[in-house]
Amino acid sequence: MDSARNLVSFALDRARAAGAYQAEVALSSGEAFETRVRGSEIDFVKQSREQGLSVRVFCGGRGGLSSAATRTSDLARDVVARTAADAVALARATVPDACAGLPDGGFVSEIPDLELFEPRDRPFDPSPRIAAARAAESAAHAFDPRIADSEGSQAGSSFGEIVYGNSAGFLGGYASAHHSIVAESLARTEGGMQRDAWYSSARRWDALESAGSIGRRAAERALRRLGARRVPTCEVPVIFDPVTAPSLLRQLAGCASGYSIYRGASFLAGKLGLRVASSAVTIVDDARLRA
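All of the points below concern the structure found in this document. (Residues numbered from 1 in each chain as written. Predicted model: local features only at pLDDT ≥ 70, side-chain atom pairs only at ≥ 80, totals over all residues. Heavy atoms only, no water.)

### What to know about helix 3 (residues 126-143)
Move 1: Between its first and last C-alpha, helix 3 extends 26 Å over 18 residues, near the 26 Å set by a 1.5 Å rise per residue.
Move 2: Listing the buried residues of helix 3 in full gives Arg-129, Ile-130, Ala-132, Ala-133, Ala-136, Glu-137, Ala-139 and Ala-140.
Move 3: Two or three places before Ser-127, at the start of helix 3, stands the capping residue Asp-125, its side-chain oxygen 3.1 Å from that residue's backbone nitrogen. (Helix = DSSP H or I, 4+ residues; strand = E, 2+ residues; numbered from the N terminus. Expected span 1.5 Å × (residues − 1). Buried < 20%, exposed > 50% of the residue type's maximum accessible area, 1.4 Å probe, protein only. Polar contact = N/O pair within 3.5 Å; in protein donor to acceptor, adjacent residues only side chain to side chain.)

Below you can see the structure in the form of structure tokens.
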């Protein structure tokens, strides 16, 4: 990570030298492995790597700061310097914004270890991932004879690293990982066909739910949809299951984003300090919680 920090610092220096009043740079890299099994056959195996450096600058002007951002996947120093200079040139051609610029302080001084990845999970070994996808698929088909087909069972792992720095003096980074197993089953009877899925995701491979259990849960969820009927229009209390409930929070999080509120594109604009939900609802956003 030291070389990544040096490159971020270099990009910041080049942006300031090109005339930026403020600047921020993010360097990201990652690798991923994914496989899918359908029936008894491997449908696909994918492995990828990526890297990129983004530069965002703020230049002084009447009525505020103008900003622009550029990005490159070529990390050669001459290309990075050119990317920073291009960002400054673009910023000077944009309209100033009175609210643009870096935050006034508030940057963290110590970055805690949030256990976002397990070093022993790297490098990725394809064999356990393929075996997990096979086990989930097999378990789903063995659960009930009405599970006659599937959309496949997948297993995958990804690892990423990001280093961020800005002209306010902050420079830091972290690494993270994500592992998952997914099964999607099709249940079929004379009356029709239904599908459903189940999954498990974790920061460590050994923290995932067993592949067999995932396959059986997917089959069970598909089977319970057979014979479903419409409910008459009515007003009733609704309980959202753990799969659906997070999607509601994601919608709310989008409405609470600073950009949406600043642009007046959110119903939460101007609602600071007001109650906007039931008193039984409490949502805490704490990025320092351990995985």
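### With respect to the packing of helix 3 against helix 4 (residues 211-223)
Move 1: Following both chains from N to C, one finds helix 3 and helix 4 inclined at 40°, their axes separated by 7 Å at the closest point. With respect to their mutual orientation, helix 3 and helix 4 come out oblique. Where helix 3 crosses over helix 4, the handedness of that crossing is right-handed. Residues Ala-132, Ala-135, Ala-136, Ala-139, Ala-140 and Phe-143 of helix 3 form the contact with helix 4, whose participating residues are Ala-211, Gly-212, Gly-215, Arg-216, Ala-219, Glu-220 and Leu-223.
Move 2: Looking at the contact of helix 3 with helix 4 residue by residue, the class counts come to nine nonpolar, two polar and two charged. (Axes fitted to C-alpha atoms, helices over the stretch in contact; angles between N-to-C directions. Parallel < 35°, antiparallel > 145°, perpendicular 65-115°, else oblique. Left-handed = near helix turned anticlockwise from the far one by under 90°. Contact = heavy atoms within 4.5 Å. Nonpolar A, V, L, I, M, F, W, Y, C, P; charged D, E, K, R; others polar.)

### With respect to the side chain of Glu-118
Move 1: Inspection of the secondary structure assignment puts Glu-118 in the loop between helix 2 (77-92) and helix 3.
Move 2: Those residues in contact with Glu-118 that lie beyond four places of it in its chain are Arg-203 and Arg-204.

### Some thoughts on the environment of Gly-258
Move 1: One can find Gly-258 in helix 6 (residues 258-262).
Move 2: In this structure, the C-alpha to C-alpha distance between Gly-258 and Ala-269, residues 11 residues apart in sequence, is 9.3 Å.

### Structural notes on the environment of Cys-59
Move 1: Relative to the helices and strands, Cys-59 is located in strand 2 (residues 41-61).
Move 2: Judged by relative accessible area, Cys-59 falls into the buried class, the value being 2%.
Move 3: Cys-59 sits 40 residues away from Gly-19 along the chain, and the two C-alpha atoms are 7.3 Å apart.
Move 4: If we skip the residues at most four places from it in the chain, Cys-59 touches Gly-19, Ala-20, Tyr-21, Gly-64, Leu-65, Ser-66, Val-88, Ala-91 and Arg-92.

### Digging into the pattern of salt bridges
Move 1: For the structure on display, the rule yields 14 salt bridges.
Move 2: The partner of Arg-146 in a salt bridge is Asp-144, with the nearest N and O atoms 3.0 Å apart.
Move 3: Connected via shared salt-bridge partners are Asp-196, Arg-221, Arg-225 and Asp-241. (Salt bridge = Lys/Arg side-chain N within 4 Å of Asp/Glu carboxyl O.)

### A few points about the nonpolar core
Move 1: Core analysis: the biggest nonpolar cluster contains 23 residues, and Ala-15, Val-25, Leu-53, Val-55 and Val-57 have the highest contact counts within it.
Move 2: Secondary structure elements with two or more residues in this core: helix 1 (2-17), strand 1 (22-38), strand 2 and helix 2.
Move 3: In terms of residues, this core owes the most to one element, helix 1, which gives seven residues.
Move 4: With residues up to four places along the chain from it excluded, the contact list for Val-55 reads Ala-15, Glu-24, Val-25, Ala-68, Ala-69, Thr-70, Thr-83, Ala-84 and Ala-87. (Core = buried A, V, L, I, M, F, W, Y, C linked by side-chain atoms within 4.5 Å.)

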